[in-house]
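Architecture at a glance
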Amino acid sequence: MLEARDVSRSFGPVEVLHGVELALYPGEVHALIGENGAGKSTLMKIMAGYLEPTKGQILLDGQPVSFSSSEEAENRGVILIHQEFNLAEQLTVEENIFLGRELRRGFFLDKRAMRAEALRLLRELETRVDPDARVSDISVSDKQMVEIAKALSRNARVLIMDEPTAVLTTREAEVLFRQIEKLKARGTAILYTSHKLDEVARIADRITVFRDGSRVAIAKAGEMTEDQMAQAMVGRALSNLFPPKVLPQKRETVLSVSNFSVGTIVQNASFDLYRGEILGFAGLVGAGRTELMEGLIGVRPGAGHIEINGKPVRISSVGDARKAGLVYLTEDRKGRGLLLTKSMRENLTLLALNRFGRFAIDARAEDEALAKAIQEFDIRAANRAVPVGNLSGGNQQKLLLAKTMLAEPDIIIIDEPTRGIDIGTKQQIYHFIQKLAASGKSIIMISSEMTEIIGLSHRVVVMRSGRITGVLSGDDINEDVIVRHAMGLEGKVAA
Amino acid sequence: MTVDSATPTVPKQGFRIDFHVWGPVIALVALIALGAFLNPNFLSYGNVTNVLARSAFIGIIAVGMTFVITSGGLDLSVGSMAAFIAGVMIMIMNGLVPSMGVGWGVILVGMMVAIVVGLAAGLVNGLLITQARIEAFIVTLGTMGVFRSLITWLADGGTLSLDYGVREIYRPVYYGGLFGVAWPIIVFAAVAILGEIIMRKTPFGRHCAAIGSNEQVALYSAVHVNRVRLMTYILLGILVGIATIMYVPRLGSASSSTGVLWELEAIAAVIIGGTVLKGGFGRVWGTVVGVLILSLIGNILNLANLVSPYLNGAIQGVIIILAVVLQRQKKVER
């Protein structure tokens, strides 16, 4: 139905796509996988009319087309759902769904019809989002649902989705997959990317693998195992995604939290962290894990007792936390972690700027720190002056890790260490985390990826609805037990 | 996979003037050349001193404004604040003449008062913005009205004049100088150099840019967002006080029309100089260039007789809009 033929694309002198082919057929789900920067998003943008190919052509129904704009592509039924949402934050859900093609009755908006249609679409997606809610007030996963509702309302013939499940919970992803099945039955062609290979194996009919801007493999689903996909993506066998676990030799409590509450979101959380340990925090999205950590480092008002190395501490700001040797690496790289328009140097030293001179900043020391960080964390950038917004997600995450480590913390809280990062970089980051723990740092790792929790953690704390429902260790760290605690089927709720 | 495929960052090769950086400087040089061409007196010692000394008030304030805008804020109240400070300063000096006599003592007290009142005014603005969490635009729009109204009330709708004897002693602070350089110019230069160093070399300057760039990131990076914000308004208040100290000996009076539109000129100078209005990036030397561009336009119109000096505001307005357009083009290129 929609086909890319021998498509190349250059940005300035750099060619990022080298003559790739991709064909979508009605009623078929085509998964496009590859590491970050492999050219997936670029091809998607070209196919949806956001970018023009430097070479090659796009065919719709066998006819060459050149969409001069995404609007034209949308009118012809080709719709792209972006990784970063394209929603007007200050408008309501309903207004967003119909943005640009509002239903009218004469000169005025036909509010009633739009409302009914919006409700129908949202109900079809099994989401309880209120059409009157302002988009800025709804959760990330709801925003994804609104984007999908918007695409559905445009009668998509070809739906292109860039990592739709990255921000969805398992349950929400299930709803999305059911929707995809329905769309398939209607004859819609679907192209979609994901870093979650199990998901790809499950819902895709055909799989294309990109590496460094070229197609390296294409196969029917079922002909390719997850291992083969991963191998094709990185170009080498990924033997040890996770480093071997090295348990700390003795139990020395570094951080002890008791009866800690954050508003009504987190209630009476108590846990201990040992030196040299990786303590996983598992739970559903919205279980209060991030809020608990933000309370601990003082960006949210929290109440409770915290002891570090046996001494009670009071933390009411990130500065206090840093002084106590406690740092938090946010899950929101772009919104809270890095200054996207600034260079790597300014980002790297921001948290630990007090170490680079009290009155005047020592620029040479900063440069040295950057050189060291680039080497130590294998940060790859065209040059040091690029704004960090132009780095790939993996390199941004490495920079964030380097920035956090520059404060020389004892206790590191890492929230979603590998969200939206390709598998090769993931492996690197796992090894960094393991190395930090082995060198005597103590690590708290929040993750929604079960394999990560199981593969790295020495012990696992499970949270549900703002409460800690269990602390697991040893053989209890397995998917079944964790899920049962996260869903509330097992485990006591601390009084 | 070193860079995101959609946004390559290979630096362009070859010689290319970065208008974002050099635009204001080129404009300034062009204006100077134009001025010298139109009137031979333009580059005379007298005219240069006159232009620089007159631009010192706005310049000193604009340096402070650069910090406020860089950290994502705005202060509309500086013009009225200057008038209010001038009024209070004059009333206190006049009031002290009977007890302290005419002399430098009175003037030094007046100077202290100017700085303390400026600091207090900045503190009020800053606290309302950071603690009461009201938009900077609204807060300073409000205090702008309050200060303007207070000076009108203090002067009872007329003019507050400094005691004649004190005025005679105080005069050299504006008209005198050191080695032929007028005092306002010296103070302006000192403030600008210090400001440039603070902006570029100190954690405070870096923190201002970080807050203006993304407040959340700054907060999560242990920057004391509110404290730094508050400091920018206090710094600006103090600088308004210093500007007023230089301004009062010029006319020796204050009225409800003192400092009118200074806020707009100061903000315009900051933006022309390349500081981003939404915050996140600021440069003090650019602001200095911006101030000079604005005052040269007025000066050239006065000297040249080509265009009516009454059109000064119109030309300044066009320049301001042009400066922002040039900034935007840079962004699209990225």
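Residues numbered from 1 in each chain as written. Chains lettered and ligands numbered in written order. Predicted model: local features only at pLDDT ≥ 70, side-chain atom pairs only at ≥ 80, totals over all residues.

1. A look at the overall build of chain A
A tally of regular secondary structure across chain A gives 17 helices and 22 strands. A globule of 495 residues ought to have a C-alpha radius of gyration of about 23 Å, and chain A, at 24 Å, matches this closely. Across its three principal axes, chain A shows a C-alpha extent of roughly 70 × 50 × 50 Å. (Helix = DSSP H or I, 4+ residues; strand = E, 2+ residues; numbered from the N terminus. Rg over C-alpha atoms; globule rule 2.2 N^0.38 Å.)

2. A few points about the sheet that holds strand E22 (residues 467-473) of chain A
All names here are of chain A. Across the sheet, which stays open at both edges, the six strands sit in the order E18-E19-E20-E15-E21-E22 with mixed pairing between neighbours. Both edges of this open sheet fall to strand E18 (326-329) and E22, since each of them pairs with a single strand only. Each adjacent strand pair in this sheet contributes to an overall mean axis angle of 20°, direction not counted. The sheet contact formed by strand E15 (residues 278-283) and strand E21 (residues 459-464) spans five bridges and is parallel. Opposite Ala282, over in E21, you have Val462 as the bridge partner. Each of E15, strand E19 (411-415) and strand E20 (442-446) is contacted by helix H15 (residues 423-438), which is oriented at about 145° to E20, the strand it contacts most. (Pairing = 2+ DSSP bridges. Axes fitted to C-alpha atoms, helices over the stretch in contact; angles between N-to-C directions. Contact = placed C-beta atoms within 7 Å.)

3. Observations concerning the sheet that holds strand E16 (residues 303-308) of chain A
Residues and elements named next belong to chain A. Taking strand neighbours across the sheet as the criterion, the four strands line up as E14-E13-E16-E17 in an open arrangement whose pairing is antiparallel. The strands lining the two open edges of the sheet, one partner per strand, are strand E14 (266-274) and strand E17 (311-313). Each strand of the sheet is rotated relative to its neighbour by a mean of 15°, with strand direction disregarded. With respect to the sheet, helix H9 (residues 289-296) is in contact with strand E13 (253-262), E14 and E16, its orientation differing from that of E13 by roughly 110°.

4. Side note on the domain arrangement of chain A
All names here are of chain A. Annotation of chain A at the domain level lists domain 1 (2-234) and domain 2 (253-486). Taken together, the contacts link eleven residues of domain 1 with eleven residues of domain 2. The element that contributes the greatest number of residues to the side of domain 1 that touches domain 2 is helix H8 (residues 226-234), accounting for three residues. By residue class, the composition of the side of domain 1 that touches domain 2 is four nonpolar, five polar and two charged. (Domains from an automatic or database assignment. Nonpolar A, V, L, I, M, F, W, Y, C, P; charged D, E, K, R; others polar.)

5. Remarks on helix H12 (residues 262-272) of chain B
Residues and elements named next belong to chain B. Within H12, ten of the eleven residues are buried, leaving the element largely enclosed by the surrounding structure. The set of residues buried in H12 consists of Trp262, Glu263, Glu265, Ala266, Ile267, Ala268, Ala269, Val270, Ile271 and Ile272. Looking at the residues trailing H12, positive phi occurs at Gly274, about 105°. (Buried ≥ 20, exposed ≤ 12 C-beta atoms within 10 Å, placed from the backbone.)

6. A word on the packing of helix H2 (residues 45-70) of chain B against helix H11 (residues 225-251) of chain B
Residue and element names in this part refer to chain B. Direction vectors running N to C along H2 and H11 enclose 180°, while the axes themselves pass 8 Å from each other. Comparing their axes, H11 and H2 come out roughly antiparallel. On the side of H2, the interface is formed by Ala56, Phe57, Ile60, Ile61, Val63, Gly64, Met65, Phe67 and Val68, while H11 contributes Thr232, Tyr233, Leu235, Leu236, Leu239, Val240, Ile242, Ala243, Met246 and Tyr247. Counted by class, the contact of H2 with H11 contains 17 nonpolar, two polar and no charged residues. (Parallel < 35°, antiparallel > 145°, perpendicular 65-115°, else oblique.)

7. Some thoughts on the packing of helix H3 (residues 78-100) of chain B against H11(B)
Residues and elements named next belong to chain B. Contact pair H3 / H11: the axes reach a minimum separation of 9 Å and the direction vectors enclose 55°. With respect to H11, the axis of H3 lies oblique. Here H3 and H11 pass one another in a crossing that is right-handed. In this structure, H3 uses Val78, Met81, Ala82, Ile85, Ala86, Met89 and Ile90 to contact H11, whose residues at the interface are Leu236, Val240, Gly241, Ala243, Thr244, Tyr247 and Val248. (Left-handed = near helix turned anticlockwise from the far one by under 90°.)

8. Section: the pairing of E16(A)
All names here are of chain A. With five bridges connecting them, E13 and E16 associate as antiparallel partners. Paired with Ser261 across the bridge in E16 is Ala303. Hairpin remark: E16 followed by E17, antiparallel, with two residues in the connecting loop; positive phi at Asn309, about 50°.

9. Remarks on the environment of A:Ala116
All names here are of chain A. With respect to the helices and strands, Ala116 occurs in helix H4 (residues 111-124). Residue class for Ala116 comes out partly exposed when judged on the 13 C-beta atoms lying within 10 Å of it. Distance in space between the C-alpha atoms of Ala116 and Glu94 is 9.6 Å, their sequence separation being 22 residues.

10. Description of the nonpolar core
Counting 171 residues, the largest nonpolar core has B:Ile61 and B:Leu239 as its most contacted members. In terms of residue count, the dominant contributor to this core is H11(B) (15 residues). B:Ile61 has contacts with B:Val78, B:Leu239, B:Val240, B:Ala243, B:Trp262 and B:Ala266, leaving out every residue within four places of it along the chain. Counting residues in each nonpolar core, the second largest holds 67 residues, with A:Ile79, A:Leu168, A:Val200 and A:Ile207 among its members. (Core = buried A, V, L, I, M, F, W, Y, C linked by C-beta atoms within 7 Å.)

11. Side note on the pairing of E20(A)
Residue and element names in this part refer to chain A. Of all five residues making up E20, five are buried, and the element is well covered by its neighbours. As paired elements, E15 and E20 share four bridges and run parallel to each other. For Phe281, the partnering residue across the bridge sits in E20 and is Ile446. Sheet topology note: the E19/E20 ladder contains five bridges and is parallel. Following the sheet pairing, Ile414 is matched in E20 by Met445. For the crossover from E19 across H15 to E20, the handedness is right-handed. (Right-handed = clockwise from strand over helix to strand, strands pointing away.)

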